[in-house]
Amino acid sequence: MNHQPKKGGAGRLLLIIAVGIFALCFSKTAMAQHKHQMVRLAKIQVDPAQLEAYNAALKEQMTTAVRVEPGVLTYYAVADKSDPSHITILEIYADTAAYQSHIQTAHFKKYKATVEHMVKSLELVDVNLIGFARKPEM
């Protein structure tokens, strides 16, 4: 599996990170607690022939996790406009324990089993939230 970003990918990745972090609707309390949060980027290349099925499985997993797991705070999934099979997900968990709990859930295991043969490559990058900005009305 190739874990190297394609040319021009670094700029897009930085834009994705910035948009995702700036779009988050954190309270002041949450920002003060962000040092305990686990923030991760998942860079995924999907088999283009299976993209529709992959996206459906991903959306189901994300919405279920946010709805039923208190420690799953945020998911943003975006696709590269020039190649929609290149997907980047911004994931934010309350802490590492929340992430460890998340990967043991039935809905996450169902997602992994469903997409096992759809994913051509996966790179997980742990990052630190260094700040955010949002409009007051958001």
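For the structure given in this document, a descriptive report is provided here. (Residues numbered from 1 in each chain as written. Predicted model: local features only at pLDDT ≥ 70, side-chain atom pairs only at ≥ 80, totals over all residues. Heavy atoms only, no water.)

## So, the packing of aromatic side chains
Working step 1: Going through the model one piece at a time under the given rule, you end up with four aromatic pairs.
Working step 2: Between phenylalanine 108 and tyrosine 111, the ring centres sit 6.0 Å apart and the planes meet at 45°, which makes this aromatic pair tilted. In this pair, phenylalanine 108 and tyrosine 111 are both assigned in helix α5 (residues 106–115), three residues apart and thus about one turn of the helix distant.
Working step 3: We classify phenylalanine 108 as buried; its relative accessible area is 15%.
Working step 4: In this structure tyrosine 111 comes out as buried when scored by relative accessible area, which is 9%. (Phe/Tyr/Trp six-rings, centres within 6.5 Å; stacked < 30°, edge-to-face > 60°. Helix = DSSP H or I, 4+ residues; strand = E, 2+ residues; numbered from the N terminus. Buried < 20%, exposed > 50% of the residue type's maximum accessible area, 1.4 Å probe, protein only.)

## Concerning the side chain of serine 85
Working step 1: Inspection of the secondary structure puts serine 85 in the loop between β2 (72–79) and β3 (86–93).
Working step 2: When its relative accessible area of 3% is taken as the criterion, serine 85 is described as buried.
Working step 3: Setting aside chain neighbours within four positions, we find serine 85 in contact with Ile44, Gln45, Val46, Pro48 and Leu51. (Contact = heavy atoms within 4.5 Å.)

## Structural notes on α5
Working step 1: Turning to α5, its buried residues are His107, Phe108, Tyr111 and Val115. One side of α5 holds all its buried residues, which, seen down the axis, span an arc of 100°. For α5, the exposed residues lying more than 90 degrees away from the buried face are Ala106 and Ala113.
Working step 2: Of the surrounding secondary structure, the elements contacted by the buried residues of α5 are β1 (38–46), α3 (51–68), α4 (96–102) and β4 (119–127). (Arc of directions from axis to C-beta.)

## Focus on the nonpolar core
Working step 1: In terms of nonpolar packing, the biggest core is built from 22 residues, with Tyr54, Ile89 and Tyr111 touching the most fellow members.
Working step 2: For this core, the secondary structure elements donating two or more residues are β1, α3, β2, β3, α4 and α5.
Working step 3: Residues Leu41, Leu90, Ile92 and Leu129 belong to the second largest nonpolar core, which totals five residues. (Core = buried A, V, L, I, M, F, W, Y, C linked by side-chain atoms within 4.5 Å.)

## Concerning the sheet that holds β4
Within a sheet, each strand pairs with its neighbour through backbone hydrogen bonds, oriented either parallel or antiparallel.
Working step 1: Reading across the sheet, the four strands line up as β2-β3-β1-β4 and stay open at both edges, with antiparallel pairing between neighbours. Among the strands making up the open sheet, the edge pair consists of β2 and β4. For this sheet the average axis-to-axis angle between neighbouring strands, irrespective of direction, equals 15°.
Working step 2: Set on the sheet, α3 makes contact with β1, β2, β3 and β4; between it and β2 the angle comes to about 160°. (Pairing = 2+ DSSP bridges. Axes fitted to C-alpha atoms, helices over the stretch in contact; angles between N-to-C directions.)

## Considerations on α3
Working step 1: With 18 residues, α3 ought to run about 26 Å at 1.5 Å a step, and its terminal C-alpha atoms sit 26 Å apart, in line with that.
Working step 2: All of the buried residues along α3 are Leu51, Tyr54, Ala57, Leu58, Gln61, Met62, Thr64 and Ala65.
Working step 3: The secondary structure elements touched by the buried residues of α3 are β1, β2, β3, α4, α5 and β4. (Expected span 1.5 Å × (residues − 1).)

## Details of the pairing of β1
Working step 1: The buried count for β1 comes to eight of nine residues, which makes it a mostly enclosed element.
Working step 2: Here β1 runs beside β4; their pairing, made up of eight bridges, is antiparallel. Within the sheet, the bridge partner assigned to lysine 43 lies in β4 and is glutamate 123.

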